[in-house]
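Chain by chain, the residues run as shown.
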Amino acid sequence: MYGRQNELRQARERLEHSALLSVTGPAQRGKTRFAEQLMGELAGSFERTLHVALPGGLPSGSDPAPLLSRIAEALLGRPSAHVGAASVGRLLARQPTLLLLDVPAGHPPLPARQIETLLDHAPLSRIIVAAPTPLGARHESVQALALLGEQAVSAALLDARPDLAERPRAEFAALLEWIGGEPLRLETATAVLRRDQTVVAGPGPQRMFDLLGEADTTGDFSAAGPLFGEHEQRVLAALDHVGEAVDLSWAAQLSGASPFLLGALRDQQYLQALGGGLYRLSGAARHASGHPARSPALRRQVTRRLLDRLSVLLGARPPGSAAWYAQLDQHYPSLRAVTTSLVSGSLAPRRATKPHRGGPQSSDARLARVLLKLTPYRLSRDYLHDARTELQALLRRTKLPHDLRLPLQLAAVQVLQQLGQHQAAQQQLDELPPEAHAQPHTALVQARLLHRRSQYDESLALFDRIRAQLGDQPGELLIRAQDGSARSAIYLGQLGHAQPMIALALAQARALAEPLLLSDVLNTAALVATEQRELEEASRLFGEAIEIHQLFGHRAGLTLNLTGLAWAALLAGNAAIENDRSWVLRHQL
């Protein structure tokens, strides 16, 4: 922060008159550190301060949903989905908040209109954006970080080594010229001066300029004068591979650091607390850690550690059980930070990879299996943007074997379908090879998509074709085909077809003992009962499905069945919904 006092004062004054301040400048100009310092100085004027670090390497285009989801997560303390700018603005308005949005290099520009909407709803809050360029938003103030002045640079150098004043003026001028007012170069030079007492000894500071010249050539400025020992540097470099916040247990796993070292890094604010037990590497530590992406061995080691931790986490409880869902809820923010880094961040390959000779044990194959296991969880929690972005990124960059690529493509179609992006889902299905369409699983996905697009005649015909193909083979695929057939028949008014079909599916689902599959069938059975005006039975079936979704924390299922329960009550003329589930409707619907 040498030489930034006047700019900090200007930034504080700007935030007194404007609700939005953009701190701008090229990479390595110190935008994040400046914004963090500003937020720390102003924290006492607000009821809460929040730092939202946006992930790098993820294409978001003009879609504001991922940004709004991240802000809502910071405000609520848990991941959130399907939120609009107005609802996030109302959350922001609950307490006067100072919000820092940290935009990494290469991230698409933030949508100015959405930021304006947030502040329209929360006039007592303030937003600081650290980004390469201004947003162009209404009432935006801009603090463009300039190069450091020569006086500030000289003072910093002399503070690091007072004996520099005794050296020839030409040597000092050469050092000033190399720094050029760039904060990162000044940090490097002062680190060299403090660490090595010999760099300015003798007839000329040749050793120092050799070190600085090496940094200039490699781009690794920390190598010129490391602020930490070798082990600490490796820990910081490993942590730098995950750009988002993780909790300390994940930080220890990926870096190999002891709790003592992580505690020391936290106490010295090299690990910055972002709330909810999550920590992110600060700007100072990131500069000190160097460029870990230049070390393939470290990248491989961190990748292996994270995939091992993901595999253990996903297998620690019976997959699909209520305990499994609860455990993923507990770890999801850190888990998402890790998968983002593996798919699209610093741990992702720089180019598309070829199929690995190691087959199912290759990193790409292991990551594909992780994302496939995560997809049902993400669908149940409405973490649809996370699922879509990572599945599509992995499919784009990786040449996976067919037995993994096809399930990934089908998972991506399911996510797009639930997002309401039916045309994109159909396009992805159309790109599958002909032999894939003959498989019952693929056909089921196609039939569901036809149903969601209100093409009920076509979906009913395809569901019935799948039933015929499966014959008497009991299991999930047959139950879902029966359930889909009954559901499409409801929308066509063919209750005579829907009733026996759903009765058969319900009996088989109860015997299979798969609670979430049973809840889907219960919902369809309740719809049939509602259409037949058997409203007491419909309410009982909706209620049974609700109990399952409450146990599993399945938000989408709760919404669907609570709405059905309310509709059945209204059809019964019971507008007050006076039954044993009235509290559920009041507090959750």
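Residues numbered from 1 in each chain as written. Predicted model: local features only at pLDDT ≥ 70, side-chain atom pairs only at ≥ 80, totals over all residues. Heavy atoms only, no water.

Visitor: How would you explain the overall build of the protein if you had to name every residue and give the values?
Guide: Of the regular secondary structure elements, the protein holds 28 helices and 8 strands. Taken over 589 residues, the protein has a buried fraction of 54%. Pairs at least 24 residues apart make up 69% of the contacts formed inside the protein by residues separated by at least 6 positions. On the protein, roughly 26400 Å² of surface is accessible, and the fraction owed to carbon and sulfur atoms is 52%. (Helix = DSSP H or I, 4+ residues; strand = E, 2+ residues; numbered from the N terminus. Buried < 20%, exposed > 50% of the residue type's maximum accessible area, 1.4 Å probe, protein only. Contact = heavy atoms within 4.5 Å. Areas by Shrake-Rupley, 256 points an atom, 1.4 Å probe, with all protein chains shown as cover.)

Visitor: Quick one: what's the story with helix H16 (residues 363-381), residue by residue and with numbers?
Guide: Here H16 spans 26 Å end to end across 19 residues, near enough to the 27 Å set by a 1.5 Å rise per residue. Along H16, the sharpest change in direction is near 35 degrees and occurs at Thr-375; proline Pro-376 comes one to four residues later. Across the 19 residues of H16, 14 count as buried, placing the element largely inside the fold. (Expected span 1.5 Å × (residues − 1). Bend = angle between axes of the 7 residues up to and from the residue.)

Visitor: Lay out the packing of H16 against helix H18 (residues 402-418) with the relevant residues and their values.
Guide: Two elements in contact, H16 and H18, have axes separated by 10 Å at closest approach and are oriented at 25 degrees. Compared by their axis directions, H16 and H18 come out roughly parallel. In the packing of H16 onto H18, the handedness of the crossing is left-handed. Each of Ala-365, Ala-368, Arg-369, Leu-371, Leu-372, Thr-375 and Leu-379 in H16 lies in contact with H18, whose residues at this interface are Leu-404, Pro-407, Leu-408, Ala-411, Gln-414, Val-415 and Gln-418. (Axes fitted to C-alpha atoms, helices over the stretch in contact; angles between N-to-C directions. Parallel < 35°, antiparallel > 145°, perpendicular 65-115°, else oblique. Left-handed = near helix turned anticlockwise from the far one by under 90°.)

Visitor: Requested: an account of the environment of Leu-565, with residues and values cited.
Guide: Within the fold, Leu-565 resides in helix H27 (residues 555-571). Sequence separation of Leu-565 and Asn-523 is 42 residues, and the distance between their C-alpha atoms is 9.9 Å.

Visitor: Got a sec to walk through the pattern of salt bridges? Specific residues and values, please.
Guide: Across all of its chains, the model carries 18 salt bridges by this definition. Note that Glu-390 is salt-bridged to Arg-378, the shortest N-O span being 3.1 Å. Residue Glu-390 is located in helix H17 (residues 384-397), and its partner Arg-378 is located in helix H16; the two are separated by 12 residues in the primary sequence. Here Glu-390 and Arg-378 have matching classes, each one buried. Between Asp-520 and Arg-480 there is a salt bridge, and its shortest N-O distance comes to 3.0 Å. (Salt bridge = Lys/Arg side-chain N within 4 Å of Asp/Glu carboxyl O.)

Visitor: Account for empty space enclosed by the protein, with residues named and values stated.
Guide: With the rule as written, the count across this model stands at 4 cavities of 30 Å³ or more. Considered as a void within the structure, the second largest cavity measures approximately 60 Å³ in volume. Lining the second largest cavity are 10 residues, with Leu-239, Val-242, Glu-244, Arg-280 and Leu-281 positioned closest to its centre. Secondary-structure elements contributing two or more residues to the lining of the second largest cavity are helix H10 (230-240) and strand E8 (278-281). For the lining of the second largest cavity, the residue count by class is 6 nonpolar, no polar and 4 charged. (1 Å grid on protein atoms, 1.4 Å probe; cavity = no way out; pocket = protein on both sides within 12 Å on 5 of 7 lines; lining within 4 Å. Points joined across faces, edges and corners; volume = space filled by probe spheres on them. Nonpolar A, V, L, I, M, F, W, Y, C, P; charged D, E, K, R; others polar.)

Visitor: Quick rundown of the side chain of Gln-143? Include the residues and the values.
Guide: Structurally, Gln-143 is set in strand E5 (residues 140-144). The exposure class assigned to Gln-143 is buried, which follows from its relative accessible area of 2%. Side chain to side chain, Gln-143 and Arg-14 meet in a polar contact 2.4 Å long. Apart from the residues within four sequence positions on either side, Gln-143 is in contact with Glu-7, Gln-10, Ala-11, Arg-14, Leu-21, Ser-22, Val-23, Thr-24 and Phe-34. (Polar contact = N/O pair within 3.5 Å; in protein donor to acceptor, adjacent residues only side chain to side chain.)

Visitor: Now, about the packing of H10 against helix H12 (residues 259-267): what can you tell me, with residues and values included?
Guide: The angle between the axes and the distance between the axes are what describe a pair of packed helices. Contact pair H10 / H12: the axes reach a minimum separation of 12 Å and the direction vectors enclose 75 degrees. The angle between H10 and H12 places the two elements in the roughly perpendicular class. Along the contact surface, H10 presents His-231, Glu-232, Val-235, Leu-236 and Leu-239, while H12 presents Leu-261, Leu-262 and Leu-265. Residues of the contact of H10 with H12, tallied by class, amount to 6 nonpolar, 1 polar and 1 charged.

Visitor: Talk me through helix H23 (residues 476-491); I want residue IDs and the actual numbers.
Guide: Because the α-helix completes a turn every 3.6 residues, residues three or four places apart line up on one side. For H23, which comprises 16 residues, the first-to-last C-alpha distance of 23 Å matches the rise-based estimate of 22 Å (1.5 Å per residue) to within 8%. Phi for Gly-493, located one or two positions after H23, is positive at around 75 degrees.

Visitor: Mind laying out the packing of aromatic side chains, listing which residues take part and the relevant values?
Guide: In total, this model carries 7 aromatic pairs according to the counting rule given. Considering the side-chain rings of Trp-324 and Tyr-325, the 5.1 Å spacing of their centres and the 85 degrees angle between planes classify their relative orientation as edge-to-face. Assessed through its relative accessible area of 4%, Tyr-325 is described here as buried. Members of the aromatic cluster, joined through ring pairs, are Trp-324, Tyr-325, Tyr-332, Tyr-377, Tyr-383 and Phe-552. We note Arg-185 situated over the ring of Trp-178; from NZ or CZ to the ring centre the distance is 4.7 Å. Arg-309 extends its terminal NZ or CZ atom over the ring of Trp-250, reaching a point 4.3 Å from the ring centre. (Phe/Tyr/Trp six-rings, centres within 6.5 Å; stacked < 30°, edge-to-face > 60°. Lys NZ or Arg CZ within 6 Å of the ring centre and 35° of its normal.)

Visitor: For the pairing of E8, give the residues involved together with the corresponding values.
Guide: For a regular strand, side-chain orientation follows a simple rule: the groups alternate between the two sheet faces. Both faces of E8 are covered, namely the face carrying Leu-278 and Arg-280 and the face carrying Tyr-279 and Leu-281. In terms of strand pairing, strand E6 (residues 246-247) meets E8 through 2 bridges, oriented antiparallel. From the neighbouring strand, Asp-247 faces E8, where its bridge partner is Leu-278. (Pairing = 2+ DSSP bridges.)

Visitor: Run through the environment of Arg-381, naming residues and quoting values.
Guide: Note on placement: Arg-381 falls in helix H16. In sequence terms Arg-381 and Phe-552 are 171 residues apart; their C-alpha atoms lie 10.0 Å from each other. Setting aside residues up to four positions removed in sequence, Arg-381 forms contacts with Tyr-325, Asp-329, Phe-552, Gly-553, His-554 and Arg-555. In this structure the side chain of Arg-381 is engaged in a polar contact, spanning 2.8 Å, whose partner is the backbone oxygen of Gly-553.

Visitor: Go over the pairing of strand E2 (residues 48-53) with me, naming the residues and quoting the values.
Guide: Summarising burial for E2: 5 of the 6 residues are buried, a large majority. Summarising the sheet, E2 and strand E3 (residues 97-102) pair through 6 bridges and their orientation is parallel. In the strand pairing of E3, Thr-49 is matched with Leu-98.

Visitor: Quick one: what's the story with the environment of Val-521, residue by residue and with numbers?
Guide: Turning to its location among the elements, Val-521 is positioned in helix H25 (residues 515-531). In sequence terms Val-521 and Ile-479 are 42 residues apart; their C-alpha atoms lie 8.3 Å from each other. Setting aside anything within four residues of it in sequence, one finds Val-521 in contact with Ile-479, Asp-483, Ile-502, Ala-505, Leu-506 and Ala-509.

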